[in-house]
Amino acid sequence: MGTVSRGFRGKRRRPSAGLPPGQYLVEDFPVLSAGPTPDIDLAEWEFTISSETGDQQRWDWAAFRSLPSEPITVDIHCVTHWSKLGTSWEGVSLDTLLEGVETSASFALAKSYGGYSSNLPLEDLTVHKAWIAFRYDGEELEAEHGGPARLLVPHLYFWKSAKWVRGIQLLDQDEPGFWESLGYHNYGDPWREQRFWGD
Ligand SMILES: Nc1nc2c(c(=O)[nH]1)N[C@H]1C(S)=C(S)[C@@H](COP(=O)(O)O)O[C@H]1N2
Ligand SMILES: [Mo]
């Protein structure tokens with residue numbers, strides 16, 4: 001299944017478009033975490049979208065899981081040069097989560113349990129480009145890969161896909177996330193090899 005609106009953007013690539021420059025293929029699924037895996041109790045889990053005016057939408061696990069979800073098959077590309085093609089996930093589209101959100105913000109900051117964050121333009125979260133994923137390869141998403149739920153934004157380097165995501169803050173002004181403030185590229189397009197600041 002394509003995750004791309006047909007004909008919507010000529011430049012967007014279909015799953016398994018091949019390897020971006022400087023990447024090599026892996027068959028396993030490496031774990032990359034800047035800190036310990038947080039222990040998250042589903043009874044306390046929540047996901048919040050806050051707008052630039054302070055309005056909040058909030059879902060507990062039951063409310064989140066009752067939203068329509070979809071299968072997603074995408075290639076993922078880590079800035080440390082590994083890529084994995086045709087990974088399969090299930091998640092709730094950010095389009096669904098943003099439906100009831102009134103905003104004129106241009107930027108988004110994803111925040112995770114444990115303190116990690118990543119920033120991206122809001123338009124990179126919309127129109128079938130981003131999901132909150134809770135299943136991987138037919139199984140519940142493992143904690144080390146971001147379970148119970150993680151952001152999945154496969155068209156950008158995988159550091160943007162915040163594991164253990166707990167919310168998205170919509171902002172008028174861009175705000176660097178964890179790796180972005182440590183010298184990684186602010187946008188992170190793997191096809192343009194935007195690995196580090198200045199690339
Ligand atoms: N919360 C959190 N999310 C994170 C990270 C992290 O350290 N903490 N690492 C990022 C990086 S650099 C990559 S490549 C992917 C790795 O995801 P994986 O461990 O499932 O392969 O998660 C991203 N999301
Ligand atoms: Mo990464």
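Residues numbered from 1 in each chain as written. Chains lettered and ligands numbered in written order. Predicted model: local features only at pLDDT ≥ 70, side-chain atom pairs only at ≥ 80, totals over all residues. Heavy atoms only, no water.

S.K.: Any details on the overall build of the chain? Residues and values, ideally.
M.R.: Helix and strand counts for the chain stand at two helices and eleven strands. Over its C-alpha trace the chain gives a radius of gyration of 16 Å, about what one expects of a compact globule, namely 16 Å for 199 residues. Counting only C-alpha atoms, the chain reaches 40 × 40 × 35 Å along its principal axes. Across the chain, contacts joining residues at least 24 apart in sequence account for 67% of those joining residues at least 6 apart. Seen as two clouds, the 18 positive and the 29 negative side-chain charges of the chain have centres 7 Å apart. (Helix = DSSP H or I, 4+ residues; strand = E, 2+ residues; numbered from the N terminus. Rg over C-alpha atoms; globule rule 2.2 N^0.38 Å. Contact = heavy atoms within 4.5 Å. Lys, Arg positive; Asp, Glu negative; His and termini not counted. Charge placed at Lys NZ, Arg CZ, Asp CG, Glu CD.)

S.K.: I'd love a proper account of the sheet that holds strand β7 (residues 117-121), names of residues and values included.
M.R.: On the basis of which strands lie adjacent, the open sheet formed by five strands has the order β3-β2-β11-β6-β7 and mixed pairing. Across the chains shown, the open sheet's two edge strands, defined by having one partner strand only, are β3 (56-60) and β7. Along the sheet, successive strands turn relative to each other by an average axial angle of 15 degrees, direction set aside. Sheet analysis places strand β6 (residues 107-112) next to β7, joined by five bridges and oriented antiparallel. Each bridged residue has a counterpart across the sheet, and for Leu109 the counterpart in β7 is Asn119. (Pairing = 2+ DSSP bridges. Axes fitted to C-alpha atoms, helices over the stretch in contact; angles between N-to-C directions.)

S.K.: With reference to specific residues and values, describe the site of ligand 1.
M.R.: Taken together, 20 residues surround ligand 1, and among them Pro30, Ala34, His145, Arg150 and Lys163 come closest. Contact distances for ligand 1 include 2.6 Å between an oxygen atom and a side-chain N or O atom of His145. Surface burial for ligand 1 is 97%, taken as the share of its 530 Å² of free accessible area covered by protein chains. Taken together, the residues that form the shell around ligand 1 break down as 13 nonpolar, four polar and three charged. (Near = heavy atom within 4 Å. Polar contact = N/O pair within 3.5 Å; in protein donor to acceptor, adjacent residues only side chain to side chain. Areas by Shrake-Rupley, 256 points an atom, 1.4 Å probe, with all protein chains shown as cover. Nonpolar A, V, L, I, M, F, W, Y, C, P; charged D, E, K, R; others polar.)

In short, geometric facts, not functional conclusions.
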